[in-house]
Amino acid sequence: MPAHRIRQADPADLPQMNQVAFKSKAHWAYTARQLEAWREDLTTQADTLASHPTFVAEMSGTVVGFVQLNPRAAPWRLESLWVLPECMGLGLGKALLARALDIARAAGQTDIAIDADPNALGFYLSRGARRLADVAAPIDGQPQRVRPQLLLATLPPA
């Protein structure tokens, strides 16, 4: 695997982070119209960097993934976890999620909540998340689409 590093995000990373989120969501073959409708939701706001733990994964000085937690939710919520499609399968998602779990655990959180894209369900389940419910999230062409609501323990099972 090419060398990567995970570090705290700073405002200069926002343009790359937002590109990563958009390209990652597009990987799942959503329509251009649907992606545009989600653009605001896929955009990390600068003011969240000071209040929400946010980390980027870099390879060769380029942001290729990031994770953000929302500490204002109870339990803390995974706000974003994105990896560029060409970097999927390299362990970056696992590394970013592990960093988020470490931060949440250090702050006294026993679990984090995840409002997952249905395409990411397998990844989160493979990391030990439990599916609690589904939220209806229909889109054009997918009237039965749901977003799985998950809970992931910050400590691995004993």
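None of these values were measured; they are calculated from a predicted model. (Residues numbered from 1 in each chain as written. Predicted model: local features only at pLDDT ≥ 70, side-chain atom pairs only at ≥ 80, totals over all residues. Heavy atoms only, no water.)

A. Region of the structure containing the side chain of Asp-117. With respect to the secondary-structure elements, Asp-117 resides in the loop between strand E5 (111-115) and helix H5 (121-126). Here the side chain of Asp-117 touches Tyr-30 through a polar contact of 2.8 Å, side chain to side chain. Excluding residues that lie within four positions of it along the chain, Asp-117 makes contacts with Lys-25, Tyr-30, Arg-145 and Pro-148. (Helix = DSSP H or I, 4+ residues; strand = E, 2+ residues; numbered from the N terminus. Polar contact = N/O pair within 3.5 Å; in protein donor to acceptor, adjacent residues only side chain to side chain. Contact = heavy atoms within 4.5 Å.)

B. Inspection of the pattern of salt bridges at higher detail. For the coordinates displayed, the defined rule picks out twelve salt bridges. A salt bridge links Asp-117 to Lys-25; the nearest nitrogen and oxygen atoms lie 2.6 Å apart. Placement of Asp-117 in the loop between E5 and H5 and of Lys-25 in helix H1 (residues 14-26) is noted, with a sequence separation of 92 residues between them. Taking the relative accessible area as the measure of exposure, Asp-117 reaches 11% and is therefore buried. By relative accessible area, Lys-25 is classed as buried at 9%. Through salt bridges with shared partners, a single ionic network connects Arg-5, Arg-7, Asp-10, Asp-13 and Glu-58. (Salt bridge = Lys/Arg side-chain N within 4 Å of Asp/Glu carboxyl O. Buried < 20%, exposed > 50% of the residue type's maximum accessible area, 1.4 Å probe, protein only.)

C. A look at helix H4 (residues 92-106). The terminal C-alpha atoms of H4 lie 21 Å apart, and with 15 residues this matches the ideal 21 Å at 1.5 Å per residue to within 8%. Buried within H4 we find Leu-92, Gly-93, Leu-96, Leu-97, Ala-100, Leu-101 and Ala-104. Immediately downstream of H4, the backbone of Gly-108 shows phi near 90°, a positive value. (Expected span 1.5 Å × (residues − 1).)

D. Focus on the packing of aromatic side chains. All chains considered together, the criterion is met by two aromatic pairs. Look at Tyr-30 and Trp-38: their rings are 4.7 Å apart centre to centre, the planes differ by 90°, and that puts the pair in the edge-to-face class. Look at Tyr-30 and you get buried, because its relative accessible area is 7%. Ring geometry for Phe-123 versus Tyr-124: centroids 5.2 Å apart, planes at 65°, classification edge-to-face. Note on Tyr-124: relative accessible area 6%, which makes it buried. The cationic tip of Lys-25 hangs over the ring face of Trp-38; the distance from NZ or CZ to the ring centre is 4.5 Å. Directly above the aromatic system of Phe-55 lies the positively charged group of Arg-99, at a separation of 5.2 Å from the ring centroid. (Phe/Tyr/Trp six-rings, centres within 6.5 Å; stacked < 30°, edge-to-face > 60°. Lys NZ or Arg CZ within 6 Å of the ring centre and 35° of its normal.)

E. Quick peek at unusual backbone geometry. In the segment running from Ala-74 into Pro-75, the intervening peptide bond is cis, with an omega of -5°. Checked against the element boundaries, Pro-75 lands in the loop between strand E3 (62-70) and strand E4 (77-83). One non-glycine residue, Ala-29, lies in positive phi territory at about 65°. Within the secondary structure, Ala-29 is located in the loop between H1 and helix H2 (32-37). Phi at Ser-60 takes a positive value of approximately 55°, unusual for a residue other than glycine. Residue position: Ser-60 is located in the loop between strand E2 (54-59) and E3. Residue classification places Ser-60 among the exposed residues on the basis of a relative accessible area of 79%.

F. Layout of H1. Under the 1.5 Å per step criterion, the end-to-end length of H1 is 18 Å for 13 residues, consistent within 8% with the ideal 18 Å. What H1 keeps buried is the set Leu-14, Met-17, Asn-18, Val-20, Ala-21, Phe-22, Ser-24 and Lys-25. At its buried positions, H1 is contacted by H2, helix H3 (48-51), E2, E3 and E4.

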